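One-letter residues, chain by chain:
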Amino acid sequence: MLAMVELLVAGGMFMFGILATSLVAVGIIAQRVYTLWFGFRLRIETLRDQVLDYVDRGEYGKAAQLCGGKHPLQRMMLAAVERANRSEKEIRRGVETCAVSELARFRRGTAALPHISNLATLLGLLGTIHGLIISFSGMHAVDAAARQAALSKGVAVAFYNTFFGLTVATVTVVAYLLVSAKQNREMTRMEQSTASLVDRLLMATEARAAALRGSTGTR
């Protein structure tokens, strides 16, 4: 721990900026991993099949009960089930309105990771330039030993910042790729399940309308 503090101090002020950036990145990555792998863990296909089965039997109340959780898919499905007896336009509008807020909540934080990676790279570059300035400013010294000391210090500062900045940026980008891949897979599954439910609700509505027309025609 002490060695890490000494390294940060030796690297100059931009090292602390990179450290702050890395802490923010770690916080977001931890939040995303918890949300995607644990917090919003759900057997999507099982839920979809159960809800569709209730819809086919006309048991919309039981279907709504299954969709009573906090998962974005459950809330989008609930928005569809609650509008089961309305027009297609109203059903789709309700689902889309719900999806805007729920998918934004599901994606929250992921888009910030590439920007944090860029910021770490830029801070590392600034630290590198700062180190070069130290090196060149020492060239004005009369004593050869002082020039050598300034050059060594400047090069060390430049390399510390470059290495630390690129390390944070690389780790953040790798984490972003993993999180983004998982997020996109889950969103695709949710969109497919919601679309299946909407289609099934519309089919049920058409079947009821056809039955009503048939019963009216026989009278």
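This text goes with the structure placed above it.
Residues numbered from 1 in each chain as written. Predicted model: local features only at pLDDT ≥ 70, side-chain atom pairs only at ≥ 80, totals over all residues. Heavy atoms only, no water.

**Q** Got a minute to help me understand the nonpolar core in this structure?
**A** Note that soluble globular proteins tend to have their nonpolar side chains buried in a common cluster. Membership of the largest hydrophobic core comes to 31 residues, with the highest contact counts inside it found for Val51, Met190 and Leu197. Breaking this core down by element, the ones donating at least two residues are α3 (44-56), α4 (60-66), α5 (72-81), α6 (88-107) and α8 (144-217). Residue contributions to this core peak at 8 residues, all from α8. If near-sequence neighbours (up to four positions away) are discounted, Met190 is found in contact with Ile44, His71, Pro72, Leu73, Met76, Leu103 and Phe106. (Core = buried A, V, L, I, M, F, W, Y, C linked by side-chain atoms within 4.5 Å. Buried < 20%, exposed > 50% of the residue type's maximum accessible area, 1.4 Å probe, protein only. Helix = DSSP H or I, 4+ residues; strand = E, 2+ residues; numbered from the N terminus. Contact = heavy atoms within 4.5 Å.)

**Q** Would you mind showing me how to read α5 here?
**A** Residues spaced three or four apart along an α-helix point in a common direction, a consequence of the helix completing one turn every 3.6 residues. In terms of burial, α5 is largely enclosed, as 8 of its 10 residues are buried. Along α5, the positions that sit buried rather than exposed are Pro72, Leu73, Gln74, Met76, Met77, Ala79, Ala80 and Val81.

**Q** Is there a simple way to think about the pattern of salt bridges in this case?
**A** It is possible for side chains of opposite charge to pair when their charged atoms get near one another. Per the stated rule, a full pass over the model turns up 12 salt bridges. A salt bridge links Asp199 to Arg92; the shortest N-O distance between them is 3.7 Å. Here Asp199 is found in helix α8, whereas its partner Arg92 is found in helix α6, with 107 residues between them in sequence. For Asp199, a relative accessible area of 39% puts it in the partly exposed group. (Salt bridge = Lys/Arg side-chain N within 4 Å of Asp/Glu carboxyl O.)

**Q** How should I be thinking about the environment of Leu119 in this particular structure?
**A** Here Leu119 lies in helix α7 (residues 112-137). Given a relative accessible area of 42%, Leu119 falls into the partly exposed group. Between the C-alpha atoms of Leu119 and Glu59, which are 60 residues apart in sequence, the distance is 53 Å.

**Q** Can you walk me through a nonpolar patch on the surface in this structure?
**A** Together, Leu122, Leu125, Ile129 and Ile133 make up an exposed nonpolar region whose accessible area comes to about 380 Å². Take Leu125: it is sitting in helix α7. (Patch = residues over 30% accessible without salt bridge, like charges linked within 9 Å, V, L, I, M, F, W, Y side chains within 5 Å. Areas by Shrake-Rupley, 256 points an atom, 1.4 Å probe, with all protein chains shown as cover.)

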